[in-house]
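In case you want the letters, here they are:
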Amino acid sequence: MTEIRNPRQTNEEQINIIDLFQKIWGQKWLIFIVTLVVLILALAYVLTSKPIYSVSVVLSPAPVNKFGSIAGDIGIERLQVTRSVISFGTDLASDALALVVKNFESASVLKGFDDSWGGRGSYKVEVIKENFPFVPVSVSVISDSAAGSKEYLDGYMEYVSKITATQLNDYFQALRVSHTISPDSLYVVERFSELPTNPIRPRKFQIMVLALVLGVILGVFSSLVRLAILERSAEMN
């Protein structure tokens with residue numbers, strides 16, 4: 001059954017909303033002051049926070065021709081591989097990149113590089129990868145120094161590449177493979193590291209917008225509290 005609302009009741013509700021809005025608008029200076037205080041605090045945080053920068057590279061498996069000689073030395077027939085010659089080569093390229101990524105994530109490898117780096121600053125290494133072969137991998141370095149992040153990432157890439165090439169060549173030598181692989185043949189750099197111009201934190205624009213919204217909300221809330229206190233005081237008097 002449809003409820004029939006009293007037109008008079010509806011008009012009274014509309015009047016109450018308008019009256020409340022007018023009362024809040026009468027407290028506009030309080031809303032302005034609260035919003036201004038919140039914006040000043042947010043601005044102080046933005047100006048005093050140490051900027052954090054991120055530098056990244058994107059790596060993908062090396063082309064199959066980089067591993068042709070090695071695949072030939074290993075011998076597909078000797079390994080009883082049932083897949084095609086091309087598949088065998090692409091698997092070698094994908095496995096080489098997987099070993100590179102594993103070394104990037106290795107705590108012992110990172111410690112070895114940090115020891116050689118000399119402890120110049122604090123850096124965080126992040127590796128973003130998918131659980132699928134032949135998918136590019138992203139390696140990032142995060143720190144409070146833009147130039148330092150790029151220098152650290154470039155140095156760490158070179159360090160990891162040399163270690164990985166040594167590991168693979170030792171493995172190939174154990175298989176009596178005469179050919180070797182160089183560090184620059186382990187992967188393809190799809191996107192090189194670049195000196196960052198803008199920090200990833202703090203996000204100044206987003207922080208100031210959120211501060212504005214929060215300031216207005218707190219200002220309206222403060223005005224409602226003040227109105228409630230004034231009305232209660234008037235009733236008691």
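Refer to the structure presented above.
In short, a report on the structure.

Cut-offs applied
Residues numbered from 1 in each chain as written. Predicted model: local features only at pLDDT ≥ 70, side-chain atom pairs only at ≥ 80, totals over all residues. Heavy atoms only, no water. Buried < 20%, exposed > 50% of the residue type's maximum accessible area, 1.4 Å probe, protein only. Helix = DSSP H or I, 4+ residues; strand = E, 2+ residues; numbered from the N terminus. Pairing = 2+ DSSP bridges. Phe/Tyr/Trp six-rings, centres within 6.5 Å; stacked < 30°, edge-to-face > 60°.

## As for the pairing of strand β3 (residues 137-143)
Here comes step 1: Counting buried positions along β3 gives 7 out of 7 residues, so the element sits mostly inside the fold.
Here comes step 2: Going residue by residue along β3, you find Val-137, Val-139, Val-141 and Ser-143 tucked away on one face and Ser-138, Ser-140 and Ile-142 tucked away on the opposite face as well.
Here comes step 3: Relative to β3, strand β1 (residues 53-61) is paired through 7 bridges, and the arrangement is antiparallel. Residue pairing across strands places Ser-54 opposite Ile-142, the latter belonging to β3.
Here comes step 4: By the bridge criterion, 5 bridges tie strand β2 (residues 124-128) to β3 in an arrangement that is antiparallel.

## Quick notes on the packing of aromatic side chains
Here comes step 1: In total, this model carries 11 aromatic pairs according to the counting rule given.
Here comes step 2: Taken together, a centroid distance of 5.5 Å and an interplanar angle of 35° make the contact between Phe-113 and Trp-117 tilted. Of the two residues, Phe-113 and Trp-117 both sit in helix α6 (residues 107-117), 4 residues apart, roughly one turn of that helix. Each member of the pair, Phe-113 together with Trp-117, is buried.
Here comes step 3: Taken together, the aromatic side chains of Phe-104, Phe-113, Trp-117, Tyr-123, Tyr-152, Tyr-156 and Tyr-159 make up a single cluster linked through ring pairs.

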